[in-house]
Amino acid sequence: MGDLTRIFVSAALINNFVLAYFVGLCPFFGVSKKVPTALRMGGAVTFVMVLTASAVSFLNAWVLPVAPYLRLISYIVVIASLVQIVEMVVKKTSPALFRALGIYLPLITTNCAILYLALFQYARGYGFFEGLAFALGAGAGFTLALVLMASIRQRSETASVPAIAREMGLAMIIAASLSMAFMGFAGLLSAGA
Amino acid sequence: MTDRTGREVFLRGVWEENPVLVQILGLCPTLAVTNSVENAIAMALATAFVIVGSSALVSLVKDYIPSQVRMSAYILIIATFVTVVDLIMGAVAPAMSKALGAFVPLIVVNCMILGRAEAFASKNRLLPSILDAVGTAAGFSIALLLMGGVRELLGSGTFLGLQVMPHNWEPWVIMILPPGGFLTLGAILMGMSWWWQRGEKKDEAVKPRRWPHGVRAPEERRPEMVA
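Heads up: these notes are all about the structure in this document. The structure presented is a predicted model; accordingly, all values stated were derived computationally and were not measured.

### Here we look at the overall build of chain A
And then number 1: Each helix and strand in chain A was counted, giving 10 helices and 0 strands.
And then number 2: Going from the N terminus to the C terminus, chain A shows its helices and strands as α-α-α-α-α-α-α-α-α-α.
And then number 3: Over its C-alpha trace chain A gives a radius of gyration of 18 Å, about what one expects of a compact globule, namely 16 Å for 193 residues.
And then number 4: Seen through its C-alpha atoms, chain A measures out along the principal axes to roughly 60 × 45 × 30 Å.
And then number 5: A burial count over chain A gives 49% of its 193 residues as buried.
And then number 6: Relative to all contacts within chain A whose residues are 6 or more apart in sequence, the contacts with residues 24 or more apart total 78%.
And then number 7: Here chain A has roughly 8,700 Å² of accessible surface; of this, 70% comes from carbon and sulfur atoms.

### Examining the packing of helix H4 (residues 71-93) of chain A against helix H4 (residues 70-92) of chain B
And then number 1: Closest axis-to-axis distance for the H4(A)/H4(B) pair is 9 Å, and the angle between their directions is 150°. Put simply, H4(A) runs roughly antiparallel to H4(B). Viewed along their axes, H4(A) and H4(B) form a crossing whose handedness is right-handed. Residues A:Arg71, A:Leu72, A:Ile73, A:Ile76 and A:Val77 of H4(A) lie in contact with H4(B), whose contacting residues are B:Ile75, B:Leu76, B:Ala79, B:Thr80, B:Val82, B:Thr83 and B:Asp86.
And then number 2: Partitioning the contact of H4(A) with H4(B) into residue classes produces 8 nonpolar, 2 polar and 2 charged.

### A word on unusual backbone geometry
And then number 1: Notably, A:Phe22 is not glycine yet its phi reads approximately 60°, a positive angle.
And then number 2: Position of A:Phe22 among the secondary structure elements: in the loop between helix H1 (2-14) and helix H2 (25-30).

### Some points on the environment of A:Ala176
And then number 1: Relative to the helices and strands, A:Ala176 is located in helix H9 (residues 168-183).
And then number 2: Assessed through its relative accessible area of 1%, A:Ala176 is described here as buried.
And then number 3: Put simply, A:Ala176 and A:Leu19 are 157 residues apart on the chain and 8.2 Å apart in space, counted from C-alpha to C-alpha.
And then number 4: Excluding residues that lie within four positions of it along the chain, A:Ala176 makes contacts with B:Pro179, B:Phe182 and B:Leu183.

Criteria and cut-off values
Residues numbered from 1 in each chain as written. Chains lettered and ligands numbered in written order. Predicted model: local features only at pLDDT ≥ 70, side-chain atom pairs only at ≥ 80, totals over all residues. Heavy atoms only, no water. Helix = DSSP H or I, 4+ residues; strand = E, 2+ residues; numbered from the N terminus. Rg over C-alpha atoms; globule rule 2.2 N^0.38 Å. Buried < 20%, exposed > 50% of the residue type's maximum accessible area, 1.4 Å probe, protein only. Contact = heavy atoms within 4.5 Å. Areas by Shrake-Rupley, 256 points an atom, 1.4 Å probe, with all protein chains shown as cover. Axes fitted to C-alpha atoms, helices over the stretch in contact; angles between N-to-C directions. Parallel < 35°, antiparallel > 145°, perpendicular 65-115°, else oblique. Left-handed = near helix turned anticlockwise from the far one by under 90°. Nonpolar A, V, L, I, M, F, W, Y, C, P; charged D, E, K, R; others polar.

Next comes the structure, spelled out in C-alpha cells:
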C-alpha cells in the first residue's frame, strides 16, 4: 500500500508531468486562461488517463509479448478509440457535461501526456494497480499545474505588462516560476524513507 | 493547387510560420530535450525524418483515404515512421536513444506533424509536400538549436561538449533544469514579438489594450494624477 501512495505522490508533485517532464504543454498553455475551464480539462485528462492505464496494463500482458514492435501503434490506437468511446458515452448520457467539455475531449487524443503515461507505465513495468495509482497521480498533478497556471494568468490580466511579453512571453515566465516552485518537492519522498 | 513557388513554400515553414516560434506547436520536445546541443540535433534529425516521410506518404495515398477516417490514418502513418526511427536509433545510437528517453516515441503526438499532414500534404502533390515538410523541419531544427545552444552555453558553459566559456565561469545550473527551458523559450518568444512589433508603431497607432470591466487604462488615469 505504501508503494501505491509513493507512486501517487511522486507522479503528482515531484515528477509533475507538466512542470518537470514537459509533457502535455499544449493544453497547459492553451486552456489555462480561466480557472473553471482548466478544472474541466484537468478532470477530462485524468479520466482518460485512468482508462488508458487500465487498457495499457492489459495490452502489456497480452499483446506486447507477441508483437513488441507494435507497442507504439497499439497504444495510440487504444488511446484514440478510448477518447472516441468516452466522447460518445458522455454525449449520450450527459449532454450538459458534453457541452462543458466541448472541444477538449477530442484534443486529448493528441495530448502527449496520455501517450507518455502509457510509455512510462511500460518502462517502469507497473502492473494494474500501480498503473492506476500512477494515472491518478499524474492526472492530479496535471490538474494542479493547470489550475495554478490559470489562476495566476487570471490575476495577471489586470497587470500592465510590456507589449512584447503580453501573450506567450508572460505565460512562459509564469511557467518557469511554477516549475522552480515544484523543484522544491524534490526531497519530499527520500526524506521520509 | 499551389500557386506559390517552391521557394515560398519552403521559406514559410522556416520563418513566416515557424512551427515553434510563431505557431507555438511542438512545445514538448522543444523544452524537454534541449538541455544540450547534441540532444537537440538528434531530436531535430529524428523529427525531420518522420515529418518528411509521413508528409510524402500522406500526399501519395491521399486519394485512397476516406475523409471520415483520415485523421486516424495519418496518425497510423506517423506512428509507423516513428517506430522506424525509434528502432533505428536504439540500434545505431543506444546512448542517444536513452538520453532522449520517451521523447522519440512521443514524436507521434507532435501536433506540428499532424498539422502539416492535414493542412498541406493532404491537398498537394508529392514534391510540394516534401518541400513543405523540409521547410517545417528546418524551422523546427532552428528553434531547437537556438534553445539548445543558449541552454548549454549558459547552463554548462560548453557548446557541443567543447568548453566555450572561460574556466572561471560559474554555470547557471537552472538553465539545464526544467525552469531554464521555460525561461529560455520565454526570452526567445519575447525577442520574436519585439521583432514583429518593431515596425507597427509607424504604420498605425498601437492597438488599445482591452482592460477588464471597471478598470481604466493607465493612459486615462494619467491626467488626473498630474492634476
